[in-house]
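Examining the three-dimensional arrangement
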Amino acid sequence: MRSSNLPRCRWLVVGSATVDCIIRGEERVYKAGGVVVYGGLTLLRSGHEVAVCANIAANDRDVIMPLHKEGGQLHLGDDTVTTHFVNRVEGDDRQQEMPLAARPIERADLQGAVRASNYALLGPLHPHDIAEDALAWLSARGNLTLCADLQGYIRRVEDGLVRARVSASVEGVLQAAECIKLSQDELDLLSVWAKCDIGQLIERYNLREVVVTKGSLGGYVQDLRGVHRFEAEPVTRVCDPTGAGDVFFAAYLSARIVEKKPTSIAVRAAARLAAEQVGGTFLGEDILALRR
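As the structure is a computational prediction, the values presented were derived from the model and not from experiment.

Here we look at the packing of helix H6 (residues 184-194) against helix H7 (residues 198-205)
Where H6 contacts H7, the axes come no closer than 10 Å and their chain directions differ by 65°. The two elements H6 and H7 meet at a crossing, and its hand is left-handed. Residues Leu187, Leu190, Trp193 and Ala194 of H6 lie in contact with H7, whose contacting residues are Ile198, Leu201, Arg204 and Tyr205. Looking at the contact of H6 with H7 residue by residue, the classes come out as 7 nonpolar, no polar and 1 charged.

Notes on H7
For H7, the full list of buried residues reads Ile198, Leu201, Ile202 and Tyr205. In a view along the axis of H7, the buried residues occupy a sector of 100°, so they form one face of it. Here the buried face of H7 lies against helix H5 (170-176), H6, strand S13 (209-213) and strand S14 (219-223). Residue Asp197 occupies the N-cap position of H7, its side-chain oxygen lying 3.2 Å from the main-chain nitrogen of Gly199.

Section: the sheet that holds strand S8 (residues 119-122)
With respect to topology, 9 strands assemble into an open sheet ordered S5-S4-S1-S8-S9-S12-S13-S14-S15, the strand pairing being mixed. The strands lining the two open edges of the sheet, one partner per strand, are strand S5 (73-79) and strand S15 (226-230). On average, each strand axis in the sheet is inclined to that of its neighbour by 15°, with strand direction left out of account. In terms of strand pairing, S8 meets strand S9 (residues 145-149) through 4 bridges, oriented parallel. Within the sheet, the bridge partner assigned to Leu121 lies in S9 and is Cys147. Those strands touched by H7 are S13 and S14, and its axis lies near 45° from that of S14.

With respect to the pairing of strand S4 (residues 49-57)
Buried residues dominate S4, accounting for 8 of its 9 residues. Both strand S1 (residues 10-14) and S4 contribute to a ladder of 5 bridges, which runs parallel. Counterpart to Arg10 in the pairing with S4 is Glu49. Relative to S5, S4 is paired through 7 bridges, and the arrangement is parallel. Within S5, the residue paired with Ala51 across the bridge is Gln73.

Considerations on unusual backbone geometry
Of note, the phi angle at Ala116 is positive, near 70°, even though the residue is not glycine. Along the chain, Ala116 falls in the loop between helix H3 (107-110) and S8. In the Ramachandran plot, Asp159 falls in the positive-phi region, its phi being about 55° despite a non-glycine side chain. Within the secondary structure layout, Asp159 lies in the loop between strand S10 (155-158) and strand S11 (161-164).

Re the packing of aromatic side chains
Enumeration over the complete set of coordinates arrives at 3 aromatic pairs. A connected cluster of aromatic rings, assembled from ring pairs, spans Phe230, Phe248 and Tyr252. Over the ring of Trp137 we find Arg141, and its NZ or CZ is 5.0 Å from the ring centre. Its end group placed over the ring of Tyr220, Arg229 keeps NZ or CZ at 5.3 Å from the ring centre.

Some thoughts on the side chain of Ser169
With respect to the element layout, Ser169 can be found in the loop between S11 and H5. Taking relative accessible area as the criterion, Ser169 reaches 17% and is therefore assigned buried. Within the structure, the side chain of Ser169 is placed 2.7 Å from the side chain of Ser167, a separation counted as a polar contact.

With respect to helix H4 (residues 132-139)
Taken as a whole, H4 has its buried residues at Ala134, Leu135, Trp137 and Leu138. The arc enclosing the buried residues of H4, seen along the axis, measures out at 160°, which places them on a common side. On its buried side, H4 packs onto S1, H3, S8, S9 and H5.

A closer look at the nonpolar core
In a soluble, globular protein the nonpolar side chains are often hidden away together inside. Of all hydrophobic cores here, the largest spans 51 residues; its most connected members are Trp11, Ala17, Val37, Leu121, Phe248, Tyr252 and Leu253. Going through the elements one at a time, S1, helix H1 (35-45), S4, S8, helix H8 (244-258) and helix H9 (263-278) are the ones with two or more residues in this core. When near neighbours in sequence (up to four residues on either side) are disregarded, Trp11 contacts Leu43, His48, Glu49, Val50, Ala51, Ser117, Tyr119, Ala120, Leu121, Cys147, Leu253 and Val258. Counting 42 residues, the second-largest nonpolar core is a separate cluster that includes Cys53, Leu150, Val173 and Ile202.

Overview of the state of the cysteines
Taken as a whole and assessed by the stated rule, the structure comprises 0 disulfides. Looking at the unpaired Cys147, the closest cysteine sulfur is the one in Cys179, lying at 5.1 Å. Of the cysteine sulfurs around Cys196, a residue in no disulfide, the closest is that of Cys179, at 17 Å.

Calculation rules
Residues numbered from 1 in each chain as written. Predicted model: local features only at pLDDT ≥ 70, side-chain atom pairs only at ≥ 80, totals over all residues. Heavy atoms only, no water. Axes fitted to C-alpha atoms, helices over the stretch in contact; angles between N-to-C directions. Helix = DSSP H or I, 4+ residues; strand = E, 2+ residues; numbered from the N terminus. Left-handed = near helix turned anticlockwise from the far one by under 90°. Contact = heavy atoms within 4.5 Å. Nonpolar A, V, L, I, M, F, W, Y, C, P; charged D, E, K, R; others polar. Buried < 20%, exposed > 50% of the residue type's maximum accessible area, 1.4 Å probe, protein only. Arc of directions from axis to C-beta. Polar contact = N/O pair within 3.5 Å; in protein donor to acceptor, adjacent residues only side chain to side chain. Pairing = 2+ DSSP bridges. Phe/Tyr/Trp six-rings, centres within 6.5 Å; stacked < 30°, edge-to-face > 60°. Lys NZ or Arg CZ within 6 Å of the ring centre and 35° of its normal. Core = buried A, V, L, I, M, F, W, Y, C linked by side-chain atoms within 4.5 Å. Disulfide = S-S within 2.5 Å.

Structure below.
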């Protein structure tokens with residue numbers, strides 16, 4: 001994936017690093033997860049410098065070790081717990097539980113990590129993952145391009161179960177980010193909440209691009225010029241779709257935002273890498289597996 005012409009830059013990736021329990025049928029496996037892990041590793045393998053900011057418990061440092069092994073700079077806040085997710089997967093469908101959540105990432109957690117960063121990938125997994133003052137502080141830094149996965153803002157957690165619902169805190173990240181990513185289902189909910197379609201959303205919040213994923217159906221990128229559709233790459237054997245959307249978005253950002261490649265080329269490159277993730281040949285269990 002590395003490009004010899006890649007501009008030198010540094011990404012700050014912010015959000016929860018998680019202990020993921022993935023249940024498929026009778027099979028149960030534990031993996032490191034979260035946008036910071038999947039997206040951070042993808043950016044590292046794309047040739048970028050990456051600083052990761054996350055809050056985890058001291059006895060769960062193995063969750064973040066794959067990033068350390070591949071050269072990521074770790075800025076970890078101590079907490080008594082690490083965010084845990086349970087993913088019950090069947091095809092493209094996924095039922096989620098979040099039995100534990102680390103404390104919110106605050107401005108003080110970010111101050112050391114943000115130095116010399118050119119771009120930031122925000123990957124909160126629930127509405128309170130990144131504190132509002134931390135987001136406002138990042139937004140005020142004029143030399144930092146903010147990109148965000150909105151999945152954490154289109155959720156609520158009730159008795160440990162993850163439900164689809166737009167959080168009012170999404171307003172702050174929409175105002176701060178230039179490029180956002182969400183699934184089609186998440187976009188449908190956001191459009192109802194915002195009382196506008198995707199084109200109006202782009203104009204209202206001065207968004208550069210909106211990346212919309214539709215699982216095995218591909219997706220599209222929309223900007224002020226129009227809609228750029230893409231198909232998912234075929235996968236011979238589905239190993240685990242967990243993290244495929246995170247890999248796709250990070251790969252797209254590398255190609256489109258940093259390397260300035262045309263949207264059509266950037267989405268194809270990202271779709272190929274996402275297919276490798278689904279097939280288990282990009283970030284496999286040998287890298288992410290946890291002993292629990």
